[in-house]
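# Analysis of the macromolecular model
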Amino acid sequence: MKQFKLVATAASGIEALVGKELRDLGIECEVENGKAIFFGDMSTIIKANLWLRTADRIKIIVGEFEATTFEDLFEQTKAIPWEDLLPMDAEFPVAGKSIKSTLYSVPDCQAITKKAIVNRLSEHYSRYGRLPETGAKFPIEVALLKDKVTLTLDTTGSSLFKRGYRLDKGGAPLKENMAAAIIKLTTWRKDRPFYDPVCGSGTFCIEAAMIGRNLAPGYNRQFLIETWSWFDKSIATTLRAEAKEQADYDCELDITGTDIDPKMIAIAKANAEQAGLGDSITFKQMNLTDFNTTKEYGVIVANPPYGERLGEEEAVQRLYKEMGKTYKPLDTWSKYILTSDLTFESHYGSRATKKRKLYNGALRTDLFQYWGKRPPRQPRKED
Ligand code: SAH
């Protein structure tokens, strides 16, 4: 089967997790800033789209070359056998970006790339400069970095953070792939309690349950490549059937989400239901200060309000103080709190074991980590 050079794109800071996920799928890769590069066939493309929890999209790298003049860009783009990927009626918008490159005008780079592909295809299909663009969509991007051009074709469509389960998202949702990435940065394993005290639309709890149940995050949605005529649909059918087989609905999970706002609890429940996880998560309306437990070695993952809006700062910092007081007795629990308030520790009342810089969309945040005691070693089973 035809082999492609592929890239999984991700938010900056998340790429190592994408790399680990690819290797766990048995796919070798190289991690660079904001991306992981790998090779594979159509089946690899679907597997990556279906199973990667932390990536944004999977793209085919169609061409890579140096260009410092528009003529260079035009000729080298035209030399690529686009007809192998794009049918005569393909709709192919060309997006662009340029960083530290001689060809800095992004609209011009887009226009030249488009013209070169139109030229190539209209000669190939004998259409003499006129292509209908009435068929399936093939989103292309021309990206220049220090005069190196990378031409990519997106196979995903709407970003992979859109799993298809979120019916409503409330006011301050976390992207699903960012939530999954944060969970993967914690010590949580499916045999430990998981708790989100400010669960909002339920994203952390649903992502944790999907990990616990081994559900493929892309199972309930379609990928753009599945609309392309040359794509072998049986590959997606087979891989989805395999994913269904691998789902584990039997293991015990202890996942709880609470929020002070009853509307958010209703939304979280509906979203979990939509994800097929209605029975796997407990959602309850509650003020986070009312939390107490006799369970041990649990993990708290929280995305509390940040107080970005004027006048909210004080209330939010009071909340952080309450969190500190409430969680202090839980010395076997680990706590992971994401906020853009970099003075968080002084309100919470103790120094984090570790901090990690992450971007929640465009907003710089830190994941404040408070590691709990390690669970005792399980006695070795007799062979
Ligand atoms: N991660 C969530 C968004 C969390 S927004 C998502 O993906 O949807 C912060 C949430 O904290 C809001 O839903 C708000 O209702 C809740 N909240 C604020 N103060 C609280 C308190 N004292 N106790 C519990 N929840 C609180």
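These remarks concern the structure in this document. Given the structure is predicted, the values throughout are model-derived calculations rather than measurements.

## Overview of the overall build of the protein
A count of helical and extended segments in the protein gives ten helices and 14 strands. For the protein, the C-alpha atoms occupy an extent of roughly 75 × 50 × 45 Å along the three principal directions. Scored against the burial criterion, the 383 residues of the protein give a buried share of 51%. Contacts in the protein between residues far apart in sequence, at least 24 positions, make up 76% of those at least 6 positions apart. Side chains of the protein carry 55 positive and 53 negative charges; the gap between the two charge centres is 3 Å.

## Describing the packing of aromatic side chains
Aromatic ring pairs are described here by two measures, namely the spacing of the ring centres and the angle between the planes. Per the counting criterion, the structure on display carries ten aromatic pairs. Relative to Phe 291, the ring of Tyr 195 has its centre 4.2 Å away and its plane inclined at 20°; by these criteria the two rings are stacked. With a gap of 96 residues between them, Tyr 195 in strand S8 (residues 194-196) and Phe 291 in the loop between strand S10 (281-285) and strand S11 (299-302) connect regions that are remote in the sequence. Classification of Tyr 195 as buried rests on a relative accessible area of 2%. Between the aromatic rings of Trp 228 and Trp 230, the centroid separation amounts to 5.6 Å while the plane-to-plane angle is 45°, which identifies the pairing as tilted.

## A closer look at the sheet that holds S11
Within the open sheet, the seven strands sit side by side as S10-S9-S8-S11-S12-S14-S13. Their pairing is mixed. Either end of the sheet is taken by a strand with one partner, and the two such strands are S10 and strand S13 (354-360). On average, each strand axis in the sheet is tilted by 20° relative to the strand beside it, whichever way the strands run. By the bridge criterion, two bridges tie S8 to S11 in an arrangement that is parallel. Note on S11: the bridge partner recorded for Phe 194 is Val 299. The strands that helix H8 (residues 262-274) touches are strand S9 (255-259) and S10; relative to S10, the one it contacts most, it runs at about 165°.

## Section: the site of the ligand
By nearness alone, 19 residues border the ligand, and Leu 174, Ser 201, Thr 203, Asp 259 and Leu 288 come closest of all. One of the side-chain nitrogen or oxygen atoms of Ser 201 is found 2.7 Å away from an oxygen atom of the ligand. Taking Thr 203, its side chain carries an N or O atom lying 2.6 Å from an oxygen atom of the ligand. A total of 580 Å² of accessible area belongs to the ligand in isolation, and the protein chains cover 87% of it. Of the residues in the shell around the ligand, the class split is twelve nonpolar, five polar and two charged.

## Quick look at the side chain of Thr 156
Its place among the elements puts Thr 156 in the loop between strand S7 (148-154) and helix H5 (176-185). Side chain to side chain, Thr 156 and Asn 49 meet in a polar contact 2.7 Å long. Apart from residues no more than four positions distant in its own chain, Thr 156 is found in contact with Asn 49, Asp 56, Arg 57, Ile 58, Arg 221, Gln 222, Phe 223 and Leu 224.

## Re the packing of helix H2 (residues 42-51) against helix H7 (residues 233-246)
Helix packing for two helices is described by the angle between their axes and how far apart those axes are. Running from N to C, H2 and H7 cross one another at 40°; their axes reach a closest spacing of 10 Å. The angle between H2 and H7 places the two elements in the oblique class. The crossing of H2 and H7 is right-handed. Residues Met 42, Ser 43, Ile 46, Lys 47, Leu 50 and Trp 51 of H2 touch H7, and the partners they reach there are Ile 235, Ala 236, Leu 239, Arg 240, Ala 243 and Gln 246.

## Things to note about unusual backbone geometry
Of note, the phi angle at Lys 100 is positive, near 45°, even though the residue is not glycine. The topology assignment puts Lys 100 in the loop between strand S5 (94-99) and helix H4 (106-124). Its relative accessible area of 67% is what places Lys 100 among the exposed residues. Unusually for a residue other than glycine, Ser 126 sits at a positive phi of about 50°. Taking relative accessible area as the criterion, Ser 126 reaches 42% and is therefore assigned partly exposed.

## Here we look at the pairing of strand S14 (residues 363-370)
Across the eight residues of S14, six count as buried, placing the element largely inside the fold. Bridging between strand S12 (residues 334-339) and S14 involves five bridges; their strand directions are antiparallel. By the bridge assignment for S14, Lys 335 is matched with Tyr 370. Both S13 and S14 contribute to a ladder of seven bridges, which runs antiparallel. Within S14, the residue paired with Tyr 359 across the bridge is Arg 364. Connecting the antiparallel pair S13 and S14 is a turn made up of two residues, with Gly 361 showing a positive phi of about 65°.

## Points about the sheet that holds S5
The strand order across the open sheet built from seven strands is S2-S3-S1-S4-S7-S6-S5, with neighbouring strands paired in mixed fashion. Of all strands in the sheet, those bounded by a partner on one side alone are strand S2 (30-32) and S5. Averaged over all adjacent pairs, the angle separating strand axes in this sheet is 30°, with direction ignored. Relative to S7, strand S6 (residues 140-145) runs antiparallel, the two being bridged by six bridges. Bridge pairing links Ile 140 to Leu 153 in S7. Helix-sheet contacts for H4 involve S5, S6 and S7, and the interaxial angle to S5 is about 135°.

What counts, and at which threshold
Residues numbered from 1 in each chain as written. Predicted model: local features only at pLDDT ≥ 70, side-chain atom pairs only at ≥ 80, totals over all residues. Heavy atoms only, no water. Helix = DSSP H or I, 4+ residues; strand = E, 2+ residues; numbered from the N terminus. Buried < 20%, exposed > 50% of the residue type's maximum accessible area, 1.4 Å probe, protein only. Contact = heavy atoms within 4.5 Å. Lys, Arg positive; Asp, Glu negative; His and termini not counted. Charge placed at Lys NZ, Arg CZ, Asp CG, Glu CD. Phe/Tyr/Trp six-rings, centres within 6.5 Å; stacked < 30°, edge-to-face > 60°. Pairing = 2+ DSSP bridges. Axes fitted to C-alpha atoms, helices over the stretch in contact; angles between N-to-C directions. Near = heavy atom within 4 Å. Polar contact = N/O pair within 3.5 Å; in protein donor to acceptor, adjacent residues only side chain to side chain. Areas by Shrake-Rupley, 256 points an atom, 1.4 Å probe, with all protein chains shown as cover. Nonpolar A, V, L, I, M, F, W, Y, C, P; charged D, E, K, R; others polar. Parallel < 35°, antiparallel > 145°, perpendicular 65-115°, else oblique. Left-handed = near helix turned anticlockwise from the far one by under 90°.

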